[in-house]
Amino acid sequence: MDFSQQTLASSGMERCRLKMVNFQIQQNHISHETQGLGRNVLVVRRGKPFKLTLVFRSRLWNPDVENLLLEVLLLDELSEQIPVQFSNLWLDSLCWSARVYPGDIHSHSVTVHIRSPVLSAVALYQLFIHIETPWDRRSYKAGNFVLLCNPWLESDPVYMPLEVQLQEYVKSDFGVVFMGTNTNVSKRPWCFGQYDPGVLEACLKLLEVSPQHLRDRCMDYLRRADPVYLCRVLCAMVNSNDDMGVLEGRWQGSYRDGVKPTEWSCSTDILRHWVASRCKPVRYGQCWVFASVLCTVLRVLGVPSRVVTVFNSAHDGDGNLVTEEFYSSTGENLGLSKDSIWNFHVWVECWMRRPDLGPQFDGWQVVDPTPQEKSAGTYCCGPCPVVAVQQHCFGAPFDTSFIYASVDSDVVRMIVRDGLVVGRTVDTEWVGQLIYTKRIGSDGPENLTHTYKRKKRQTVNGGRMGAFTEHSFVASPSLQSDPVNQTALMSDTAQLFGASRSAGAQGLSPGLEVSLSLDGVPIVGNTINLQVTLTNRSTGSRVVREHLSAQVKKYHRSPLETLWKEHRDVQLQPLQELVLRHSIRPSVYESVLAGDDIMKVVVVVKDLKSKERVLDTLDFDVSSPQIHFEVEGGDTVQVKTSTTVLVSFTNRLSKALSAAVLTVEGSGLLTGQQQSRMLLLQPSDVIAKKVSITPSSPGTKLLMATFSHGKSPSVVSRCFHKVSVTDD
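Going along each chain's sequence as written, the residues are numbered from 1 onward. Since the coordinates come from a predicted model, pLDDT governs what is reported: local features require at least 70, and pairs of side-chain atoms require 80 or more to be given and counted, while whole-chain, interface and lining totals use all residues. Each side-chain value is derived from all of the structure's non-hydrogen atoms; neither hydrogens nor water enter the calculation.

**Remarks on empty space enclosed by the protein**
So, point 1. Here a cavity is any set of points on a 1 Å grid over the protein atoms alone where a 1.4 Å probe fits but cannot get out, and a pocket is any open set with protein on both sides within 12 Å along at least 5 of 7 lines; a residue lines the site when it has an atom within 4 Å of a point. Grid points are joined across faces, edges and corners, and a volume is the space filled by probe spheres set on the points. A full pass over the atoms with the stated rule returns seven cavities of 30 Å³ or more.
So, point 2. In this structure, the largest cavity occupies an estimated 170 Å³ of space.
So, point 3. Counting residues per element, the ones that place at least two in the lining of the largest cavity are β15 (322-328) and β16 (340-352).
So, point 4. Of all the elements, β16 adds the most residues to the lining of the largest cavity, at four residues.
So, point 5. Per-class residue counts for the lining of the largest cavity are six nonpolar, seven polar and seven charged. Helix and strand definitions here come from DSSP, where helices need a minimum of 4 consecutive H or I residues and strands a minimum of 2 consecutive E residues; each element is numbered from the N-terminal end. Residue classes follow a fixed rule: Ala, Val, Leu, Ile, Met, Phe, Trp, Tyr, Cys and Pro count as nonpolar, while Asp, Glu, Lys and Arg count as charged, and any other residue, Gly among them, counts as polar.

Shown next, in the form of structure tokens:
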């Protein structure tokens, strides 16, 4: 910045006048691991020195008669003046300091090294230069710089020791979100986009328009030094339920006035749209969109973070740490409970020390921006130490009991007939069966389940499932460190169906067992094969009635529509294990199962003599056919250089598909959507689209292709392809 136009008062001696300040952006960015985060503004990490060069007009300042002061400012009441010292030692790390090394002094310039306190606020700072003499003071506004958390610095609370972790959880702009069901895990890539133009500015804007900042700017700046506070504010700001947050959620109904959540693949588009709309919420998000955007924001601001998927994630609607489900006597889910189990739910883990709780709670913390329940009056969740969930430390802030219920609550399934509960089973393993995140250096999963869960104590039920006679109930396994009266925790709905506190009949040792499994991986267009295994543990023969039903459901809610039923009577010999096979043909599900739907199959088996009932459930999605991408010259391309990509879909079904459409799009690669259409796509025929991509900036980008056709919503395939863009 050139100060040649500034007018200074006469002082009787030749003045020391500042000509310009060189922020040495490129060198500082390399030193501070912030390359690409800011192109026209200096971005540095707290606690580590950065340097700038002061260029003077006629002479250097004379330390004998002139003082050189730097001033960093957030608000008028939040500023600090820093004397420039000639020293080889840094002052107290809790204060701002500036020094000059002997080799940094030249005829008309000097290089000053500046160090911020390790617990500085994450913010955009203003920098002023002051030259003081006994008779006057000359001040120059040098410009702005951004200060971020420093996970490379051991004294920073977000310090992460291993370089391979820092590369994955701070610097990587690409991630993978695991979805689907625990029996058929799928994945989709996500571009975090922290190096795209405008993303850093959007992340800082989030802090500037938060309720905490608008209510008390001074206090907000002071508290931003604490990553716990920072994460909690940002978690609330990613959803728009309480504030001018980024995303509005929608889980059902029409998405025509926005973007369907499944169509997002990059945080950049969402953050840019939010800024361009003057902080109006972007429509629409669901859990993986909320989590991926929060992960972007945290990585930009220097907090190590990763996206985590919990399969069979419970939402404890009544806060009793038990998840309840109600089924008809033929196996349909009745949708009567306040509780729900999502086939998958996505949140974020961030890495930090927790001095507010003690070193035993350091490490990964759950932060969930999906607006489900309020925490201290706000739709946010966490940061909650993962170890607190594993160790059942429900008093540890924030929201530990809610997170615990999400990953480890028991599922009490009740069979209802004529307004009475005629059977009840307890499943101790269904919730949180898998917890996945992207593995370091790979697109495959890392299993985190053991970090959240410890082995539960066995109860009178034993095992995963228990069997009960009509009107018979026992307490389910304890969910806390101390034993609790589980019947006292039952919901109002359960009590309405006869599961009251006085219903204290004795539990029976289960003599009848049932399990439900898939035979092979379900693929669109193929028959779905199921196996029901019946086991008679008793020494007497049995005649049992098997009821099977399949319902369509979304990943986040109870089933809505029954598409298939079967039942039969079977005789079981003493101590016999019998496998029954069932098939669901494509003609049954193709007309009702949409691309993102999940199928829930329930089997209820009743002993016709003893009235003993057992139940098992199975959720699975049906895999879609793949779309093929072929990038000319390979998957690494150069910025601002055109490259051809051939995208194709082959009809591998046994029938023709009418009104076929192949759509290709890619943020930072293509402008808008490009499509190819065919009136009729015969078996083994190919529909293809050749597109020319021109990357606008370096980093990891994603091409997304969608195949659909006119008559059957089930045959929809959405696939992604990763492209690495270099600026060489």
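**Here we look at the sheet that holds β15**
So, point 1. Here three strands make up an open sheet; going across it, the order is β15-β19-β20 and the pairing mixed. Each edge of the open sheet is held by one strand with a lone partner, namely β15 and β20 (420-427). On average, each strand axis in the sheet is tilted by 25 degrees relative to the strand beside it, whichever way the strands run.
So, point 2. Should DSSP find at least two bridges between two strands, the strands are regarded as paired. Alignment of strand β19 (residues 410-417) against β20, held across seven bridges, turns out to be antiparallel. Within the sheet, the bridge partner assigned to V412 lies in β20 and is V426. The convention used is that axes are lines fitted to C-alpha atoms, helices contributing only their stretch in contact, and that angles between N-to-C directions extend from 0 to 180 degrees.

**Section: the packing of helix α3 (residues 199-208) against helix α7 (residues 267-276)**
So, point 1. Taken N-terminus to C-terminus, the directions of α3 and α7 make an angle of 60 degrees; their axes are 9 Å apart at the nearest point. Viewed along their axes, α3 and α7 adopt a mutual orientation that is oblique. By crossing handedness, the relation of α3 to α7 is classed as left-handed. Each of V199, A202, K205 and L206 in α3 lies in contact with α7, whose residues at this interface are T268, L271, W274 and V275.
So, point 2. For the contact of α3 with α7, the per-class residue count stands at six nonpolar, one polar and one charged. Angle categories are assigned with fixed cut-offs, so that under 35 degrees is roughly parallel, over 145 is roughly antiparallel, 65 to 115 is roughly perpendicular, and the rest are oblique. Left-handed describes a crossing in which the near helix is turned anticlockwise from the far one by less than a right angle; the clockwise case is right-handed. When checking whether two residues touch, look at their non-hydrogen atoms; a contact exists if any pair is within 4.5 Å.

**Some points on the sheet that holds strand β30 (residues 627-631)**
So, point 1. Reading across the sheet, the three strands line up as β30-β32-β35 and stay open at both edges, with antiparallel pairing between neighbours. At either end of the open sheet lies a strand with only one pairing partner, and these are β30 and β35 (686-693). Pairs of neighbouring strands in the sheet enclose a mean axial angle of 20 degrees, with direction left out of account.
So, point 2. Of the strand pairs in this sheet, β30 and strand β32 (residues 643-650) are connected by five bridges, and their pairing is antiparallel. Residue pairing across strands places F629 opposite V647, the latter belonging to β32.

**Focus: the packing of aromatic side chains**
So, point 1. Only Phe, Tyr and Trp rings take part, Trp by its six-membered ring, and two of them pair if their centres are within 6.5 Å. Stacked means planes under 30 degrees apart, edge-to-face means over 60, and tilted covers everything else. Summed over all chains, the structure comprises 18 aromatic pairs.
So, point 2. Between W342 and Y555, the ring centres sit 5.8 Å apart and the planes meet at 85 degrees, which makes this aromatic pair edge-to-face. Within this pair, whereas W342 is found in strand β16, its partner Y555 is found in the loop between β25 (542-553) and β26 (561-572), the two being separated by 213 residues in sequence.
So, point 3. We call a charge positioned above a ring when the Lys NZ or Arg CZ atom is no farther than 6 Å from the ring centre and deviates by at most 35 degrees from the ring normal. R232 extends its terminal NZ or CZ atom over the ring of F398, reaching a point 4.1 Å from the ring centre.
So, point 4. Directly above the ring of W430 sits R413, whose terminal nitrogen or CZ lies 5.1 Å from the centroid.

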